[in-house]
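# Analysis of the macromolecular model
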Amino acid sequence: MSGTGYQTLLDCRRRSRYLRQHGFSIDQIAVILALDHPATPLRLYRHAAGLTAAQVVTAFHHLSDTTGAGLRESRLYEHENWPETGRRPSLYTLRLLARIYGTQPSHLLTPAMLATYTPRDQQALHRTVG
């Protein structure tokens, strides 16, 4: 992780912890962080949760019901940089990341990003993850 990226994460962790102590939800915190940090919703939610990419990958593997490739840090970064660069995350990936971050999968995408999925997939992404 680059120095500035890590400093951003530390700042977001501090702010997120403070906001949670004052009753803000993860969704509200992600919106607040977006005011100061131009990033995709997927990255903002990771920062709102105060997690490093390595921590997310570990949590992802604990929740994952698949064996094999799973998620690597480099792939998480690709998903966080999409659509400018990188790769579009699968429905499965978004659903697991939403569970890790404590939000709905559709909140991890902008409306324009969500529109790139099929209508059936969009409906699935709007369902609450338990």
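Attention here is on the structure that accompanies the text. Computed from a predicted model, the values in this text were never measured in an experiment.

In this section: the overall build of the protein. Regarding its fold elements, the protein presents 8 helices and 0 strands. Helices (α) and strands (β) of the protein occur, in sequence order from the N terminus, as α-α-α-α-α-α-α-α. Its C-alpha atoms give the protein a radius of gyration of 14 Å, within 12% of the compact-globule value 14 Å for 130 residues. With the C-alpha coordinates aligned to their principal axes, the bounding extent of the protein is approximately 35 × 30 × 25 Å. A total of 130 residues make up the protein; the buried ones form 38% of that total. A separation of at least 24 residues holds for 55% of the contacts in the protein among residues at least 6 apart in sequence. Just so you have it, the protein exposes about 7200 Å², and 53% of that area is on carbon and sulfur atoms. When the 15 basic and 9 acidic side-chain charges of the protein are each reduced to a single mean position, those positions are 4 Å apart.

The next point concerns helix H2 (residues 26-36). Residues Ile 26, Ile 29, Ala 30 and Leu 33 constitute the buried set of H2. Each buried residue of H2 lies within a common arc of 100° when the element is viewed along its axis, so the set occupies one face. Exposed residues on H2 whose side chains face more than 90 degrees from its buried face are Val 31 and Leu 35.

Rules used in this analysis
- Residues numbered from 1 in each chain as written.
- Predicted model: local features only at pLDDT ≥ 70, side-chain atom pairs only at ≥ 80, totals over all residues.
- Heavy atoms only, no water.
- Helix = DSSP H or I, 4+ residues; strand = E, 2+ residues; numbered from the N terminus.
- Rg over C-alpha atoms; globule rule 2.2 N^0.38 Å.
- Buried < 20%, exposed > 50% of the residue type's maximum accessible area, 1.4 Å probe, protein only.
- Contact = heavy atoms within 4.5 Å.
- Areas by Shrake-Rupley, 256 points an atom, 1.4 Å probe, with all protein chains shown as cover.
- Lys, Arg positive; Asp, Glu negative; His and termini not counted.
- Charge placed at Lys NZ, Arg CZ, Asp CG, Glu CD.
- Arc of directions from axis to C-beta.

These figures capture arrangement, not role.
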